[in-house]
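Listed below, chain by chain, are the residues.
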Amino acid sequence: MPSITFISSSGEARTVDATNGSTVMETALQNGIPEIEAECGGACSCATCHVYVDAEWTEKVGGPSPMEEDMLDFAFEVKPESRLSCQIKVSDTLDGLKVHTPARQG
Amino acid sequence: MTETIKTDAVIIGAGPCGLFAVFELGLLDIKAHVVDILDKVGGQCAELYPEKPIYDIPGLPEVTGQQLTENLMAQIKPFEPTFHLSEMIESLEKLPDGSFRLGTNAGTVFETKVVIIAAGGGSFQPKKPPISNVDEYEGQSVFYAVRKMEAFRGRDILVAGGGDSALDWLLNLQPLANSMTIVHRRDDFRAAPDSVNKMRALVAEGKVNLVIGQIGELKGPGGKLEAAAVKLPDGTVSEIKCDALLPFFGLTMKLGPLAEWGINLEQNLIPVDTEKFETSEPGIYAIGDINTYPGKLKLILSGFHEAALMAQSAIRRINPDKKVVFQYTTSSTNLQKKLGVA
Ligand SMILES: Cc1cc2nc3c(=O)[nH]c(=O)nc-3n(C[C@H](O)[C@H](O)[C@H](O)COP(=O)(O)OP(=O)(O)OC[C@H]3O[C@@H](n4cnc5c(N)ncnc54)[C@H](O)[C@@H]3O)c2cc1C
Ligand code: FES
(Lines give C-alpha, C1' and ligand atoms only; values in the text may rest on other atoms or scores of the structure.)
(Ligands and ions follow the chains in the order given, each with its own letter.)
Protein backbone atom coordinates (compact mmCIF):
# COMPACT_ATOMS: atom_id res chain seq x y z
CA MET A 1 0.00 0.00 0.00
CA PRO A 2 1.62 3.29 -1.00
CA SER A 3 2.05 5.93 1.67
CA ILE A 4 1.82 9.68 1.26
CA THR A 5 3.21 12.37 3.52
CA PHE A 6 1.40 15.66 3.81
CA ILE A 7 3.42 18.55 5.22
CA SER A 8 1.34 21.44 6.49
CA SER A 9 2.14 25.11 5.98
CA SER A 10 3.52 25.18 9.52
CA GLY A 11 5.80 22.22 8.79
CA GLU A 12 3.86 19.43 10.51
CA ALA A 13 4.22 16.12 8.65
CA ARG A 14 1.60 13.36 8.58
CA THR A 15 2.14 10.08 6.79
CA VAL A 16 -0.93 8.10 5.76
CA ASP A 17 -1.75 4.99 3.74
CA ALA A 18 -3.28 5.47 0.33
CA THR A 19 -5.10 3.16 -2.07
CA ASN A 20 -3.93 2.66 -5.63
CA GLY A 21 -6.27 4.33 -8.06
CA SER A 22 -7.63 6.87 -5.59
CA THR A 23 -6.44 10.46 -5.75
CA VAL A 24 -4.14 12.33 -3.41
CA MET A 25 -7.08 14.64 -2.60
CA GLU A 26 -9.31 11.70 -1.61
CA THR A 27 -6.52 10.31 0.52
CA ALA A 28 -6.25 13.66 2.28
CA LEU A 29 -9.98 13.90 2.99
CA GLN A 30 -10.23 10.30 4.21
CA ASN A 31 -7.46 10.99 6.66
CA GLY A 32 -8.65 14.38 7.84
CA ILE A 33 -5.65 16.24 6.49
CA PRO A 34 -6.17 19.96 7.15
CA GLU A 35 -5.51 22.61 4.48
CA ILE A 36 -7.19 20.59 1.72
CA GLU A 37 -10.77 21.70 1.10
CA ALA A 38 -11.74 20.07 -2.21
CA GLU A 39 -15.01 21.92 -2.53
CA CYS A 40 -15.85 20.47 -5.94
CA GLY A 41 -15.17 16.91 -4.89
CA GLY A 42 -12.48 16.31 -7.47
CA ALA A 43 -14.11 17.78 -10.56
CA CYS A 44 -11.07 19.98 -11.26
CA SER A 45 -13.26 23.03 -10.93
CA CYS A 46 -12.53 24.69 -7.60
CA ALA A 47 -8.74 24.76 -7.06
CA THR A 48 -9.19 24.27 -3.32
CA CYS A 49 -7.12 21.07 -3.27
CA HIS A 50 -3.89 22.86 -4.23
CA VAL A 51 -0.62 21.27 -3.10
CA TYR A 52 3.08 21.76 -3.73
CA VAL A 53 4.78 18.55 -4.76
CA ASP A 54 8.04 18.10 -2.86
CA ALA A 55 11.11 18.81 -4.97
CA GLU A 56 12.21 15.13 -4.88
CA TRP A 57 8.92 14.04 -6.41
CA THR A 58 8.07 16.60 -9.07
CA GLU A 59 9.53 14.50 -11.85
CA LYS A 60 7.70 11.31 -10.94
CA VAL A 61 4.41 13.07 -10.39
CA GLY A 62 4.68 15.08 -13.57
CA GLY A 63 3.07 18.36 -14.48
CA PRO A 64 -0.55 19.43 -14.72
CA SER A 65 -2.75 18.84 -17.76
CA PRO A 66 -3.89 21.95 -19.67
CA MET A 67 -7.27 21.82 -17.90
CA GLU A 68 -5.60 21.63 -14.51
CA GLU A 69 -3.16 24.40 -15.46
CA ASP A 70 -6.17 26.60 -16.25
CA MET A 71 -7.76 25.79 -12.92
CA LEU A 72 -4.53 26.62 -11.11
CA ASP A 73 -5.20 30.22 -12.13
CA PHE A 74 -7.79 30.19 -9.36
CA ALA A 75 -5.30 29.06 -6.74
CA PHE A 76 -3.02 31.38 -4.82
CA GLU A 77 0.78 31.53 -4.63
CA VAL A 78 1.13 29.11 -7.48
CA LYS A 79 4.65 27.73 -7.93
CA PRO A 80 6.21 25.55 -10.61
CA GLU A 81 5.64 22.51 -8.34
CA SER A 82 1.95 23.36 -7.81
CA ARG A 83 -0.64 20.67 -8.55
CA LEU A 84 -4.30 20.11 -7.81
CA SER A 85 -4.27 17.01 -5.62
CA CYS A 86 -7.55 15.68 -7.06
CA GLN A 87 -5.71 15.25 -10.34
CA ILE A 88 -2.88 13.10 -8.96
CA LYS A 89 -3.69 9.37 -8.99
CA VAL A 90 -2.01 7.23 -6.38
CA SER A 91 0.06 4.30 -7.65
CA ASP A 92 2.96 2.16 -6.46
CA THR A 93 5.43 4.45 -8.24
CA LEU A 94 4.26 7.25 -5.96
CA ASP A 95 4.87 5.26 -2.75
CA GLY A 96 6.45 7.69 -0.29
CA LEU A 97 5.17 10.79 -2.10
CA LYS A 98 5.57 14.04 -0.19
CA VAL A 99 3.34 17.04 -0.78
CA HIS A 100 3.14 20.37 1.01
CA THR A 101 -0.21 22.02 1.69
CA PRO A 102 -0.65 25.79 1.44
CA ALA A 103 -1.83 27.97 4.32
CA ARG A 104 -4.91 29.04 2.43
CA GLN A 105 -7.02 27.47 -0.31
CA GLY A 106 -9.39 30.36 -0.97
CA MET B 1 -35.36 53.03 0.01
CA THR B 2 -36.87 50.37 -2.22
CA GLU B 3 -40.39 49.11 -1.73
CA THR B 4 -40.85 46.08 0.47
CA ILE B 5 -41.85 42.94 -1.43
CA LYS B 6 -44.64 41.15 0.43
CA THR B 7 -44.89 37.46 -0.34
CA ASP B 8 -45.72 34.04 1.04
CA ALA B 9 -42.34 32.41 0.57
CA VAL B 10 -38.74 33.43 0.04
CA ILE B 11 -36.29 30.73 -0.98
CA ILE B 12 -32.65 31.45 -0.19
CA GLY B 13 -30.54 29.71 -2.81
CA ALA B 14 -31.32 28.73 -6.41
CA GLY B 15 -29.52 25.38 -6.33
CA PRO B 16 -31.41 22.25 -7.42
CA CYS B 17 -33.21 21.99 -4.07
CA GLY B 18 -34.27 25.65 -4.01
CA LEU B 19 -35.55 25.30 -7.57
CA PHE B 20 -37.53 22.16 -6.82
CA ALA B 21 -39.02 23.87 -3.74
CA VAL B 22 -40.65 26.32 -6.17
CA PHE B 23 -42.41 23.33 -7.74
CA GLU B 24 -43.64 21.76 -4.53
CA LEU B 25 -44.80 25.11 -3.14
CA GLY B 26 -46.38 25.97 -6.49
CA LEU B 27 -48.56 22.84 -6.46
CA LEU B 28 -50.01 24.23 -3.23
CA ASP B 29 -50.55 27.69 -4.77
CA ILE B 30 -47.67 29.28 -2.92
CA LYS B 31 -45.74 31.80 -5.03
CA ALA B 32 -42.08 32.14 -4.25
CA HIS B 33 -39.25 34.62 -4.61
CA VAL B 34 -35.86 33.00 -5.08
CA VAL B 35 -32.62 34.80 -4.18
CA ASP B 36 -29.09 33.72 -5.11
CA ILE B 37 -25.80 35.51 -4.95
CA LEU B 38 -24.71 33.86 -8.18
CA ASP B 39 -25.70 35.53 -11.44
CA LYS B 40 -27.24 32.25 -12.57
CA VAL B 41 -29.47 29.51 -11.20
CA GLY B 42 -28.40 25.92 -10.49
CA GLY B 43 -26.12 26.28 -7.46
CA GLN B 44 -23.28 23.74 -7.35
CA CYS B 45 -24.61 21.94 -10.43
CA ALA B 46 -24.26 25.05 -12.56
CA GLU B 47 -21.21 26.58 -10.92
CA LEU B 48 -19.02 23.59 -10.11
CA TYR B 49 -19.91 20.84 -12.57
CA PRO B 50 -22.19 22.00 -15.40
CA GLU B 51 -20.72 19.47 -17.85
CA LYS B 52 -20.34 16.48 -15.54
CA PRO B 53 -22.95 13.75 -15.74
CA ILE B 54 -25.01 12.88 -12.66
CA TYR B 55 -26.16 9.25 -12.55
CA ASP B 56 -28.38 9.10 -9.48
CA ILE B 57 -31.34 11.35 -10.26
CA PRO B 58 -34.33 8.97 -10.19
CA GLY B 59 -35.71 8.48 -13.68
CA LEU B 60 -32.82 10.25 -15.41
CA PRO B 61 -30.10 7.67 -16.05
CA GLU B 62 -27.61 10.36 -17.02
CA VAL B 63 -27.95 14.12 -16.84
CA THR B 64 -25.34 16.88 -16.63
CA GLY B 65 -25.44 19.57 -13.96
CA GLN B 66 -26.48 22.11 -16.56
CA GLN B 67 -29.19 19.90 -18.09
CA LEU B 68 -30.64 19.15 -14.69
CA THR B 69 -30.79 22.88 -13.98
CA GLU B 70 -32.49 23.56 -17.31
CA ASN B 71 -34.98 20.73 -16.73
CA LEU B 72 -35.82 22.10 -13.29
CA MET B 73 -36.33 25.57 -14.76
CA ALA B 74 -38.73 24.10 -17.35
CA GLN B 75 -40.53 22.14 -14.65
CA ILE B 76 -41.12 25.18 -12.41
CA LYS B 77 -41.96 27.61 -15.21
CA PRO B 78 -45.76 27.36 -14.72
CA PHE B 79 -45.35 28.70 -11.20
CA GLU B 80 -43.67 31.92 -12.35
CA PRO B 81 -41.14 32.32 -9.57
CA THR B 82 -39.43 35.69 -9.27
CA PHE B 83 -35.65 35.42 -9.29
CA HIS B 84 -33.36 37.91 -7.61
CA LEU B 85 -29.92 36.90 -8.86
CA SER B 86 -26.56 38.45 -7.90
CA GLU B 87 -28.08 39.29 -4.54
CA MET B 88 -27.18 37.86 -1.18
CA ILE B 89 -29.62 37.61 1.71
CA GLU B 90 -27.80 39.39 4.49
CA SER B 91 -30.37 39.84 7.23
CA LEU B 92 -33.31 37.86 8.53
CA GLU B 93 -35.46 39.02 11.43
CA LYS B 94 -38.73 37.92 12.91
CA LEU B 95 -41.60 40.41 12.94
CA PRO B 96 -44.15 40.66 15.77
CA ASP B 97 -46.90 39.06 13.63
CA GLY B 98 -44.79 35.92 13.14
CA SER B 99 -43.68 36.75 9.61
CA PHE B 100 -40.10 37.48 8.61
CA ARG B 101 -38.23 40.40 7.12
CA LEU B 102 -35.24 39.67 4.90
CA GLY B 103 -32.80 42.11 3.37
CA THR B 104 -30.30 41.65 0.54
CA ASN B 105 -26.97 43.34 -0.05
CA ALA B 106 -28.57 45.17 -2.98
CA GLY B 107 -31.20 46.75 -0.76
CA THR B 108 -34.15 44.51 -1.65
CA VAL B 109 -36.43 43.92 1.34
CA PHE B 110 -38.92 41.05 1.63
CA GLU B 111 -41.68 40.44 4.12
CA THR B 112 -42.68 36.83 3.98
CA LYS B 113 -44.70 34.27 5.88
CA VAL B 114 -42.16 31.49 5.47
CA VAL B 115 -38.46 31.29 4.67
CA ILE B 116 -36.85 28.32 2.95
CA ILE B 117 -33.12 28.16 3.40
CA ALA B 118 -31.72 26.14 0.50
CA ALA B 119 -28.25 27.60 0.87
CA GLY B 120 -26.34 24.41 0.03
CA GLY B 121 -22.67 24.58 0.94
CA GLY B 122 -23.10 28.28 1.63
CA SER B 123 -23.11 31.26 -0.61
CA PHE B 124 -20.66 31.37 -3.46
CA GLN B 125 -18.31 34.26 -2.76
CA PRO B 126 -15.25 35.57 -4.50
CA LYS B 127 -11.94 34.13 -3.35
CA LYS B 128 -9.88 36.71 -1.53
CA PRO B 129 -6.23 36.85 -2.44
CA PRO B 130 -4.03 35.79 0.48
CA ILE B 131 -2.76 39.28 1.18
CA SER B 132 -2.57 39.87 4.90
CA ASN B 133 -4.05 43.35 4.93
CA VAL B 134 -6.53 43.00 2.05
CA ASP B 135 -9.53 43.59 4.36
CA GLU B 136 -8.42 47.16 5.01
CA TYR B 137 -8.71 48.00 1.34
CA GLU B 138 -11.96 46.23 0.50
CA GLY B 139 -14.79 48.50 -0.59
CA GLN B 140 -12.50 51.44 -1.06
CA SER B 141 -9.71 50.18 -3.27
CA VAL B 142 -10.23 46.43 -3.65
CA PHE B 143 -13.37 45.20 -5.42
CA TYR B 144 -14.49 41.66 -6.25
CA ALA B 145 -17.31 42.81 -8.49
CA VAL B 146 -18.12 45.94 -10.44
CA ARG B 147 -21.47 47.44 -9.53
CA LYS B 148 -21.07 50.86 -11.15
CA MET B 149 -18.53 51.26 -13.93
CA GLU B 150 -18.52 55.05 -13.42
CA ALA B 151 -16.93 54.59 -10.01
CA PHE B 152 -13.78 53.52 -11.88
CA ARG B 153 -13.47 56.52 -14.20
CA GLY B 154 -10.04 58.10 -14.12
CA ARG B 155 -8.59 55.48 -11.80
CA ASP B 156 -5.40 53.50 -12.08
CA ILE B 157 -6.81 50.01 -12.24
CA LEU B 158 -5.05 46.73 -11.60
CA VAL B 159 -6.93 43.59 -12.62
CA ALA B 160 -5.63 40.25 -11.32
CA GLY B 161 -6.51 36.93 -12.94
CA GLY B 162 -6.72 35.26 -16.32
CA GLY B 163 -10.30 34.05 -16.66
CA ASP B 164 -13.38 35.53 -18.29
CA SER B 165 -14.32 37.82 -15.41
CA ALA B 166 -10.84 39.35 -15.35
CA LEU B 167 -10.73 39.96 -19.08
CA ASP B 168 -14.32 41.11 -19.43
CA TRP B 169 -13.83 43.78 -16.80
CA LEU B 170 -10.47 44.76 -18.19
CA LEU B 171 -12.06 45.35 -21.59
CA ASN B 172 -15.09 47.15 -20.15
CA LEU B 173 -13.18 49.42 -17.80
CA GLN B 174 -10.12 50.18 -19.91
CA PRO B 175 -11.80 53.05 -21.84
CA LEU B 176 -12.73 54.74 -18.55
CA ALA B 177 -9.49 54.15 -16.70
CA ASN B 178 -6.56 56.49 -16.36
CA SER B 179 -4.33 53.44 -16.61
CA MET B 180 -5.03 49.72 -16.81
CA THR B 181 -2.71 46.91 -15.77
CA ILE B 182 -3.40 43.20 -15.73
CA VAL B 183 -1.35 40.84 -13.62
CA HIS B 184 -1.56 37.13 -14.24
CA ARG B 185 0.68 34.27 -13.16
CA ARG B 186 1.41 33.03 -16.69
CA ASP B 187 1.28 34.33 -20.23
CA ASP B 188 -1.65 32.04 -21.03
CA PHE B 189 -5.25 33.05 -20.48
CA ARG B 190 -8.15 30.67 -20.02
CA ALA B 191 -10.65 33.38 -20.95
CA ALA B 192 -12.53 33.31 -24.27
CA PRO B 193 -10.06 33.62 -27.17
CA ASP B 194 -11.86 36.69 -28.50
CA SER B 195 -11.36 38.57 -25.21
CA VAL B 196 -7.74 37.45 -25.06
CA ASN B 197 -7.10 38.77 -28.58
CA LYS B 198 -8.71 42.10 -27.73
CA MET B 199 -6.61 42.37 -24.58
CA ARG B 200 -3.42 41.54 -26.49
CA ALA B 201 -4.26 44.23 -29.07
CA LEU B 202 -4.64 46.81 -26.30
CA VAL B 203 -1.30 45.68 -24.87
CA ALA B 204 0.30 46.11 -28.30
CA GLU B 205 -1.17 49.62 -28.56
CA GLY B 206 0.29 50.47 -25.16
CA LYS B 207 -3.15 50.95 -23.60
CA VAL B 208 -2.91 48.01 -21.25
CA ASN B 209 0.10 47.00 -19.24
CA LEU B 210 0.49 43.21 -18.96
CA VAL B 211 2.55 41.91 -16.06
CA ILE B 212 3.28 38.22 -15.54
CA GLY B 213 3.48 37.60 -11.82
CA GLN B 214 1.47 37.22 -8.63
CA ILE B 215 0.20 39.92 -6.27
CA GLY B 216 2.15 40.05 -3.04
CA GLU B 217 1.54 43.10 -0.89
CA LEU B 218 -0.68 46.15 -1.03
CA LYS B 219 0.67 49.58 -0.22
CA GLY B 220 -1.04 52.78 0.86
CA PRO B 221 -2.38 54.11 4.16
CA GLY B 222 -5.91 53.86 5.57
CA GLY B 223 -7.32 51.53 2.92
CA LYS B 224 -6.32 53.88 0.11
CA LEU B 225 -4.35 51.79 -2.30
CA GLU B 226 -1.32 53.45 -3.89
CA ALA B 227 0.60 50.52 -5.30
CA ALA B 228 0.72 46.75 -5.39
CA ALA B 229 3.88 44.69 -5.11
CA VAL B 230 3.92 41.95 -7.72
CA LYS B 231 6.24 38.94 -7.47
CA LEU B 232 7.71 38.27 -10.89
CA PRO B 233 8.64 34.77 -12.09
CA ASP B 234 12.37 35.50 -11.64
CA GLY B 235 11.78 36.16 -7.94
CA THR B 236 12.12 39.93 -8.08
CA VAL B 237 9.33 42.26 -7.02
CA SER B 238 7.83 44.97 -9.16
CA GLU B 239 5.74 47.76 -7.71
CA ILE B 240 2.71 48.76 -9.77
CA LYS B 241 1.03 52.09 -9.21
CA CYS B 242 -2.71 51.64 -8.83
CA ASP B 243 -5.61 52.95 -6.77
CA ALA B 244 -8.10 50.16 -7.57
CA LEU B 245 -7.48 46.42 -7.51
CA LEU B 246 -9.94 43.91 -8.96
CA PRO B 247 -8.94 40.33 -8.09
CA PHE B 248 -10.75 37.57 -10.01
CA PHE B 249 -9.80 34.16 -8.63
CA GLY B 250 -13.11 32.39 -8.91
CA LEU B 251 -15.58 31.58 -6.20
CA THR B 252 -15.62 29.60 -3.01
CA MET B 253 -18.51 28.52 -0.80
CA LYS B 254 -18.70 30.36 2.50
CA LEU B 255 -21.42 29.92 5.10
CA GLY B 256 -21.87 33.68 4.98
CA PRO B 257 -24.40 35.75 6.89
CA LEU B 258 -26.76 32.93 7.85
CA ALA B 259 -24.64 32.26 10.93
CA GLU B 260 -26.02 35.51 12.36
CA TRP B 261 -29.73 34.87 11.93
CA GLY B 262 -30.34 33.33 15.33
CA ILE B 263 -31.18 29.82 14.14
CA ASN B 264 -29.39 26.85 15.66
CA LEU B 265 -26.37 25.59 13.78
CA GLU B 266 -24.38 22.36 14.18
CA GLN B 267 -20.98 22.40 12.56
CA ASN B 268 -22.13 24.97 10.03
CA LEU B 269 -25.26 22.99 9.16
CA ILE B 270 -28.84 23.67 10.18
CA PRO B 271 -30.48 20.90 12.23
CA VAL B 272 -34.07 20.19 11.15
CA ASP B 273 -36.77 17.69 11.98
CA THR B 274 -37.57 15.07 9.36
CA GLU B 275 -41.29 15.66 9.23
CA LYS B 276 -41.35 19.31 8.19
CA PHE B 277 -37.68 20.13 7.70
CA GLU B 278 -38.18 23.09 9.98
CA THR B 279 -35.32 24.81 11.82
CA SER B 280 -35.26 25.85 15.46
CA GLU B 281 -37.36 28.82 14.36
CA PRO B 282 -40.91 27.85 13.30
CA GLY B 283 -41.63 29.17 9.81
CA ILE B 284 -38.01 28.92 8.74
CA TYR B 285 -37.28 25.70 6.85
CA ALA B 286 -33.96 24.32 5.65
CA ILE B 287 -33.62 21.86 2.78
CA GLY B 288 -30.79 20.44 0.68
CA ASP B 289 -27.09 20.37 1.55
CA ILE B 290 -27.40 23.04 4.25
CA ASN B 291 -29.48 20.94 6.65
CA THR B 292 -28.63 18.02 8.89
CA TYR B 293 -30.59 15.27 10.64
CA PRO B 294 -29.84 11.67 11.59
CA GLY B 295 -28.99 9.78 8.41
CA LYS B 296 -28.75 12.87 6.17
CA LEU B 297 -27.25 12.25 2.74
CA LYS B 298 -26.05 15.26 0.80
CA LEU B 299 -27.72 14.19 -2.39
CA ILE B 300 -29.97 16.07 -4.75
CA LEU B 301 -32.67 13.44 -4.41
CA SER B 302 -32.76 13.91 -0.64
CA GLY B 303 -33.26 17.63 -1.15
CA PHE B 304 -36.17 16.97 -3.52
CA HIS B 305 -37.91 14.81 -0.94
CA GLU B 306 -37.26 17.43 1.75
CA ALA B 307 -38.82 20.10 -0.49
CA ALA B 308 -42.03 18.10 -0.82
CA LEU B 309 -42.49 17.61 2.92
CA MET B 310 -41.47 21.17 3.69
CA ALA B 311 -44.21 22.47 1.38
CA GLN B 312 -46.88 20.47 3.23
CA SER B 313 -45.93 22.24 6.44
CA ALA B 314 -45.43 25.65 4.82
CA ILE B 315 -48.97 25.70 3.41
CA ARG B 316 -50.41 25.07 6.87
CA ARG B 317 -48.55 28.08 8.17
CA ILE B 318 -49.30 30.37 5.25
CA ASN B 319 -52.94 29.44 4.95
CA PRO B 320 -54.11 27.58 8.07
CA ASP B 321 -57.72 27.41 6.86
CA LYS B 322 -56.92 25.73 3.57
CA LYS B 323 -57.72 22.05 3.41
CA VAL B 324 -54.78 20.25 1.87
CA VAL B 325 -55.85 17.20 -0.10
CA PHE B 326 -53.26 14.74 -1.28
CA GLN B 327 -53.31 14.56 -5.09
CA TYR B 328 -51.33 13.06 -7.96
CA THR B 329 -50.17 15.24 -10.85
CA THR B 330 -51.12 12.36 -13.16
CA SER B 331 -54.78 12.35 -12.27
CA SER B 332 -55.69 15.61 -10.56
CA THR B 333 -57.27 18.13 -12.96
CA ASN B 334 -56.73 20.73 -10.29
CA LEU B 335 -52.95 20.18 -10.24
CA GLN B 336 -52.83 19.89 -14.02
CA LYS B 337 -54.49 23.30 -14.33
CA LYS B 338 -51.78 24.78 -12.16
CA LEU B 339 -49.17 23.11 -14.37
CA GLY B 340 -50.88 24.51 -17.44
CA VAL B 341 -51.45 21.07 -18.99
CA ALA B 342 -55.18 20.59 -18.36
C1 LIG C 1 -18.45 17.75 -8.32
C2 LIG C 1 -19.74 17.41 -7.65
C3 LIG C 1 -20.46 16.30 -8.06
C4 LIG C 1 -21.69 15.99 -7.47
N5 LIG C 1 -22.36 14.89 -7.91
C6 LIG C 1 -23.57 14.60 -7.37
C7 LIG C 1 -24.31 13.46 -7.83
O8 LIG C 1 -23.87 12.72 -8.71
N9 LIG C 1 -25.54 13.21 -7.28
C10 LIG C 1 -26.07 14.00 -6.28
O11 LIG C 1 -27.17 13.76 -5.83
N12 LIG C 1 -25.36 15.07 -5.81
C13 LIG C 1 -24.14 15.38 -6.33
N14 LIG C 1 -23.43 16.44 -5.84
C15 LIG C 1 -23.99 17.21 -4.71
C16 LIG C 1 -25.09 18.16 -5.20
O17 LIG C 1 -24.56 19.05 -6.17
C18 LIG C 1 -25.61 18.92 -4.01
O19 LIG C 1 -26.21 18.00 -3.14
C20 LIG C 1 -26.65 19.93 -4.46
O21 LIG C 1 -26.10 20.91 -5.30
C22 LIG C 1 -27.27 20.60 -3.24
O23 LIG C 1 -28.24 21.48 -3.71
P24 LIG C 1 -28.73 22.71 -2.85
O25 LIG C 1 -29.83 23.32 -3.63
O26 LIG C 1 -28.99 22.25 -1.46
O27 LIG C 1 -27.46 23.68 -2.72
P28 LIG C 1 -26.41 24.31 -3.74
O29 LIG C 1 -26.40 23.62 -5.03
O30 LIG C 1 -25.14 24.41 -2.96
O31 LIG C 1 -26.99 25.77 -3.98
C32 LIG C 1 -27.08 26.68 -2.91
C33 LIG C 1 -27.15 28.09 -3.48
O34 LIG C 1 -27.50 28.99 -2.42
C35 LIG C 1 -26.82 30.20 -2.61
N36 LIG C 1 -26.76 30.90 -1.34
C37 LIG C 1 -26.28 30.45 -0.15
N38 LIG C 1 -26.41 31.38 0.82
C39 LIG C 1 -27.01 32.44 0.22
C40 LIG C 1 -27.40 33.74 0.69
N41 LIG C 1 -27.23 34.10 1.97
N42 LIG C 1 -27.95 34.60 -0.19
C43 LIG C 1 -28.12 34.24 -1.50
N44 LIG C 1 -27.77 33.03 -2.00
C45 LIG C 1 -27.20 32.15 -1.15
C46 LIG C 1 -25.48 29.77 -3.15
O47 LIG C 1 -24.85 30.82 -3.85
C48 LIG C 1 -25.85 28.58 -4.04
O49 LIG C 1 -26.02 28.96 -5.38
C50 LIG C 1 -22.21 16.78 -6.41
C51 LIG C 1 -21.48 17.90 -5.99
C52 LIG C 1 -20.28 18.22 -6.59
C53 LIG C 1 -19.53 19.43 -6.13
S1 FES D 1 -11.14 19.17 -5.60
FE2 FES D 1 -11.81 20.86 -6.75
S3 FES D 1 -10.16 21.13 -8.13
FE4 FES D 1 -9.54 19.48 -6.94
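Here the structure is a predicted model, which is why all the values come from computation and not from measurement. (Residues numbered from 1 in each chain as written. Chains lettered and ligands numbered in written order. Predicted model: local features only at pLDDT ≥ 70, side-chain atom pairs only at ≥ 80, totals over all residues. Heavy atoms only, no water.)

(A) Quick peek at the sheet that holds strand β12 (residues 209–212) of chain B. Residues and elements named next belong to chain B. Here 4 strands make up an open sheet; going across it, the order is β12-β11-β10-β16 and the pairing parallel. On the outer flanks of this sheet lie β12 and β16 (244–247), each paired with one strand and no other. On average, each strand axis in the sheet is tilted by 20° relative to the strand beside it, whichever way the strands run. (Pairing = 2+ DSSP bridges. Helix = DSSP H or I, 4+ residues; strand = E, 2+ residues; numbered from the N terminus. Axes fitted to C-alpha atoms, helices over the stretch in contact; angles between N-to-C directions.)

(B) Representation of helix α6 (residues 193–204) of chain B in the model. Residues and elements named next belong to chain B. Spanning 12 residues, α6 covers 16 Å between terminal C-alpha atoms, matching the ideal 16 Å at 1.5 Å per step. Turning to α6, its buried residues are S195, V196, M199 and L202. Projection of α6 onto a plane perpendicular to its axis shows the buried side chains occupying an angular sector of 125°, all on one side. Turned more than 90 degrees from where α6 packs its buried face, P193, N197 and A204 sit exposed. Buried residues along α6 sit in contact with α5 (164–173) and β11 (179–184). Of the residues one or two after α6, G206 is the one with positive phi, at around 80°. (Expected span 1.5 Å × (residues − 1). Buried < 20%, exposed > 50% of the residue type's maximum accessible area, 1.4 Å probe, protein only. Arc of directions from axis to C-beta. Contact = heavy atoms within 4.5 Å.)

(C) Representation of the pattern of salt bridges in the model. All names here are of chain B. This structure, assessed with the given rule, holds 25 salt bridges over all chains. Between K113 and D8 there is a salt bridge; the shortest N-O distance is 3.5 Å. Pair noted here: K113 is in strand β8 (residues 109–117) and D8 is in strand β1 (residues 4–12), with a separation of 105 residues, a long-range link. On the accessibility criterion, D8 (24% relative accessible area) is partly exposed. (Salt bridge = Lys/Arg side-chain N within 4 Å of Asp/Glu carboxyl O.)

(D) Broad picture of the interface of chain A and chain B. Contact with chain A, which involves 21 residues of that partner, is made by 20 residues of chain B. Roughly 1900 Å² is buried in total at the junction of chain A and chain B, and carbon and sulfur atoms are behind 48% of that figure. Summed over the shared surface of chain A and chain B, the result is 5 salt bridges. A salt bridge links R186(B) to D73(A); its shortest N-O distance comes to 3.0 Å. (Buried area = accessible area lost by both parts, 1.4 Å probe.)

(E) Helix α7 (residues 300–318) of chain B, seen in detail. If you check α7(B), its first and last C-alpha atoms are 26 Å apart, about what 19 residues at 1.5 Å a residue would give, namely 27 Å. Residues of α7(B) that are buried: I300(B), S302(B), G303(B), F304(B), E306(B), A307(B), M310(B), A311(B), S313(B), A314(B), I315(B) and I318(B).

(F) Spotlight on the environment of A311(B). Residue and element names in this part refer to chain B. The residue A311 is located in helix α7 in this model. Classification of A311 as buried rests on a relative accessible area of 0%. C-alpha of A311 to C-alpha of A21: the two residues are 290 residues apart in sequence and 7.4 Å apart in space. Non-local contacts of A311, meaning those with residues more than four positions away in its chain, are made with E24, L25 and L28.

(G) Spatial organisation of the packing of helix α1 (residues 16–27) of chain B against α7(B). Residues and elements named next belong to chain B. Direction vectors running N to C along α1 and α7 enclose 35°, while the axes themselves pass 8 Å from each other. Every pair of crossing elements has a handedness; the one defined by α1 and α7 is right-handed. Here α1 contributes P16, C17, F20, A21, E24 and L25 to the contact with α7, which in turn contributes I300, G303, F304, A307, A308, M310, A311 and A314. Counted by class, the contact of α1 with α7 contains 12 nonpolar, 1 polar and 1 charged residues. (Left-handed = near helix turned anticlockwise from the far one by under 90°. Nonpolar A, V, L, I, M, F, W, Y, C, P; charged D, E, K, R; others polar.)

(H) Representation of the side chain of H84(B) within the structure. All names here are of chain B. Here H84 lies in strand β5 (residues 82–85). Separated by 2.8 Å, the side chains of H84 and H33 make a polar contact. Apart from the residues within four sequence positions on either side, H84 is in contact with I5, H33, V34, V35, D36, T108 and F110. (Polar contact = N/O pair within 3.5 Å; in protein donor to acceptor, adjacent residues only side chain to side chain.)

(I) Up close: the packing of α5(B) against α6(B). All names here are of chain B. Packing of α5 against α6 brings their axes to within 10 Å, and their N-to-C directions diverge by 45°. Relative to α6, the element α5 lies oblique. Crossing of α5 against α6: the hand is left-handed. Counted together, L167, D168, L170 and L171 of α5 and S195, V196, K198, M199 and L202 of α6 form the full contact between these two elements. (Parallel < 35°, antiparallel > 145°, perpendicular 65-115°, else oblique.)

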